[in-house]
Amino acid sequence: MASYNVFITGGASGIGYGIAEKLAESGHHIIIADINQNAAQDAAQSLKNNGGSAQAVTVDVCDAEQIAQVREQLADTPVDILVNNAGIQHVEKLDSFPPHKWQQLINIMLVGPALLTQAFLPGMRERNFGRIINVGSIHSVVASPYKSAYVAAKHGLLGFAKTVALETGDCDVTINTLCPAYVKTPLVEQQIAAQAKENNLTEEEVINKIMLEPMPKKQFISIEELAGTAAFLISPAARNITGQTMILDGGWTAR
Ligand code: NAD
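Because the structure is a prediction, the values reported are computed rather than measured.

(A) Layout of the site of the ligand. Close to the ligand lie 27 residues; Ser-13, Asp-34, Tyr-150, Val-183 and Thr-185 are nearest. Between the ligand and Ser-13 there is a distance of 2.6 Å, counted from an oxygen atom to a side-chain nitrogen or oxygen. Val-61 places a polar main-chain atom, nitrogen or oxygen, 3.1 Å from a nitrogen atom of the ligand. Considered on its own, the ligand offers 840 Å² of accessible surface; in the complex 92% of this is hidden by protein. Elements that contribute at least two residues to the shell around the ligand include exactly helix H1 (14-25), helix H5 (148-167) and helix H6 (186-199).

As structure tokens, this is what we get:
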């Protein structure tokens, strides 16, 4: 099986790290790209301790200059697979949503993936191979109150992926978006507390009445399911799957 260089933003934690672990186990070289330098180095070290091949780079996905530097740093390690995963959440009514937070969420989860795709796509095109996997969300296809910036960024990501899919029809490059419902990661743990405050509920009530309530399967999506779907998207069987939205939602949107 081919061994690829895989660049994973937000790869130091949660879903990004889970995808990194799975792809490292399959023999790919992992570039953990994260704004948190120490966490990125620790994550790359853990992959190496487990027999994988990995390195860490520090980057803020919103910063075009830092992205250009990282691309230079990786001149001898061409990126074959880009996983646009870095993300944050802010839960607040639009009325009081801080404008700088709105901007920050859009920058990290929509502008960042565009800047990184722009940085690595020319190399993929030149080598006639590339796979871009965006980590969207169930909130790429439905909305929830108090999440206006997140929902807007994640919906935007689908439009971005469809456009790039049309622009890469001439080469063996695909771009797709994974859209999970809730996954138990540090991002969601924080959100449970924030939602409890915003909705005047206990944390248990937030899990059962808000997070799992719309899902017929009433379960969190596991990181392993996402990692497995990412592995499928880079496999030969998926070479003609592009511009698609892969929804892992326990039946949420079947209603
Ligand atoms: P997490 O908080 O565990 O990890 C996010 C990582 O992104 C962290 O390591 C953080 O340092 C990094 N990061 C944040 N801002 C960055 C920036 N500007 N530049 C580079 N790195 C940055 O979160 P997670 O739950 O694993 O989320 C990963 C992705 O999955 C996000 O895009 C999130 O929106 C999406 N998602 C999560 C869930 C869920 O339930 N956890 C559900 C749907 C979608």
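Back to the write-up after that little detour.
(B) Expanded view of helix H4 (residues 99-127). End to end, H4 covers 41 Å across 29 residues, agreeing with the expected 42 Å (1.5 Å per residue, within 8%). A maximum bend of about 40° is found in H4 at Asn-107. Just downstream of H4 lies Asn-128, where phi reads positive at about 50°.

(C) Structural detail: the pairing of strand E2 (residues 29-34). Burial analysis of E2 places six of its six residues in the buried class, which makes it a mostly covered element. Of the two faces of E2, the one carrying His-29, Ile-31 and Ala-33 and the one carrying Ile-30, Ile-32 and Asp-34 are both buried. Two strands pair when backbone bridges link them, and E2 and strand E3 (residues 53-58) are joined in this way by six bridges, in the parallel orientation. Paired with His-29 across the strands is Ser-53, a residue of E3. A crossover links E2 with its parallel partner E3, the connecting element being helix H2 (residues 37-49), and its sense is right-handed.

(D) Quick peek at the sheet that holds E2. Strand order in the open sheet formed by seven strands is E3-E2-E1-E4-E5-E6-E7, and the pairing between neighbours is parallel. Among the strands making up the open sheet, the edge pair consists of E3 and strand E7 (245-248). Pairwise comparison of adjacent strand axes, ignoring direction, gives a mean angle of 20° for this sheet.

(E) Structural view of the pattern of salt bridges. Applying the stated rule across the entire model yields four salt bridges. Here Asp-80 makes a salt bridge to Arg-127, at a shortest N to O gap of 3.8 Å. Highlighted residues: Asp-80 in the loop between helix H3 (64-73) and strand E4 (81-84) and Arg-127 in helix H4, separated in sequence by 47 residues. Of the charged contacts in the structure, one is a salt bridge between Arg-131 and Asp-172, with a shortest N-O distance of 3.0 Å. In this pair, Arg-131 sits in strand E5 (residues 130-135) while Asp-172 sits in the loop between H5 and strand E6 (173-180), placing the two residues 41 residues apart along the sequence. The exposure class assigned to Arg-131 is buried, which follows from its relative accessible area of 2%.

About the cut-offs
- Residues numbered from 1 in each chain as written.
- Predicted model: local features only at pLDDT ≥ 70, side-chain atom pairs only at ≥ 80, totals over all residues.
- Heavy atoms only, no water.
- Near = heavy atom within 4 Å.
- Polar contact = N/O pair within 3.5 Å; in protein donor to acceptor, adjacent residues only side chain to side chain.
- Areas by Shrake-Rupley, 256 points an atom, 1.4 Å probe, with all protein chains shown as cover.
- Helix = DSSP H or I, 4+ residues; strand = E, 2+ residues; numbered from the N terminus.
- Expected span 1.5 Å × (residues − 1).
- Bend = angle between axes of the 7 residues up to and from the residue.
- Buried < 20%, exposed > 50% of the residue type's maximum accessible area, 1.4 Å probe, protein only.
- Pairing = 2+ DSSP bridges.
- Right-handed = clockwise from strand over helix to strand, strands pointing away.
- Axes fitted to C-alpha atoms, helices over the stretch in contact; angles between N-to-C directions.
- Salt bridge = Lys/Arg side-chain N within 4 Å of Asp/Glu carboxyl O.

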